[in-house]
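Chain residues, written in single-letter form:
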Amino acid sequence: MDELERADGEPLLHKTSHNAFTTTNLQQLLTEHGVRELTVCGIRTEQCVETTTRVGSDFGYQVTFVTDATATNPIPHRDAPADQTVAELLADPRTLPAEEVVRRTEYALAGRFATIATVDELEAAAADQA
């Protein structure tokens with residue numbers, strides 16, 4: 001994405017699995033730099049972001065899941081036709097809305113794998129430390 005910039009020397013990882021650890025050298029880089037805390041955000045809240053959070057927690061990191069810095073799509077019911085239009089997907093009462101996916105993810109992670117925070121909460125905490 002053009003609006004995202006990397007600092008000089010900042011690594012660029014190309015992941016090919018649901019989490020940021022399995023198919024990258026992320027853990028090695030974090031270990032080399034003495035990182036023990038992770039702040040996680042991204043796209044596909046219930047897949048990539050949640051799985052990275054869980055794996056990071058399993059590896060012993062203190063993880064903060066930034067709930068309003070994640071995004072996802074509504075999830076169709078397992079019995080929904082594969083060829084549903086977007087309108088049909090959204091009209092199906094069995095569809096799990098994106099907001100519910102995020103909420104469910106918060107419930108699954110909170111107190112088990114991560115601390116749940118908002119961008120505003122993180123910014124306020126950073127301002128307090130400055």
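Cut-offs applied
Residues numbered from 1 in each chain as written. Predicted model: local features only at pLDDT ≥ 70, side-chain atom pairs only at ≥ 80, totals over all residues. Heavy atoms only, no water. Pairing = 2+ DSSP bridges. Helix = DSSP H or I, 4+ residues; strand = E, 2+ residues; numbered from the N terminus. Axes fitted to C-alpha atoms, helices over the stretch in contact; angles between N-to-C directions. Contact = heavy atoms within 4.5 Å. Expected span 1.5 Å × (residues − 1). Buried < 20%, exposed > 50% of the residue type's maximum accessible area, 1.4 Å probe, protein only. Arc of directions from axis to C-beta.

Here's the deal with the sheet that holds strand 3 (residues 115-117)
Phase 1 of the analysis: Spatial ordering of the open sheet is given by 1-2-3, a layout of three strands whose pairing is parallel. In this open sheet, the two strands that pair with only one neighbour each are strand 1 (37-43) and strand 3. The average angle at which neighbouring strand axes cross in this sheet is 30°, direction not considered.
Phase 2 of the analysis: In the sheet, strand 2 (residues 62-71) pairs with strand 3 via three bridges, with the strands oriented parallel. Paired with Val66 across the bridge in strand 3 is Ala117.
Phase 3 of the analysis: The strands touched by helix 4 (residues 98-109) within the sheet are strand 2 and strand 3, with strand 2 carrying the most contacts at an inclination of about 175°.
Phase 4 of the analysis: Against the sheet, helix 5 (residues 119-129) makes contact with strand 1, strand 2 and strand 3, and its axis sits at roughly 130° relative to strand 2, the strand it touches most.

Points about helix 4
Phase 1 of the analysis: The first and last C-alpha atoms of helix 4 sit 17 Å apart over 12 residues, in line with the 16 Å expected at 1.5 Å per residue.
Phase 2 of the analysis: Where helix 4 is concerned, the buried positions are Ala98, Val101, Val102, Thr105, Ala108 and Leu109. Down the axis of helix 4, the buried set is contained in an arc of 125°. They therefore lie on one face. Turned more than 90 degrees from where helix 4 packs its buried face, Glu99 and Tyr107 sit exposed.

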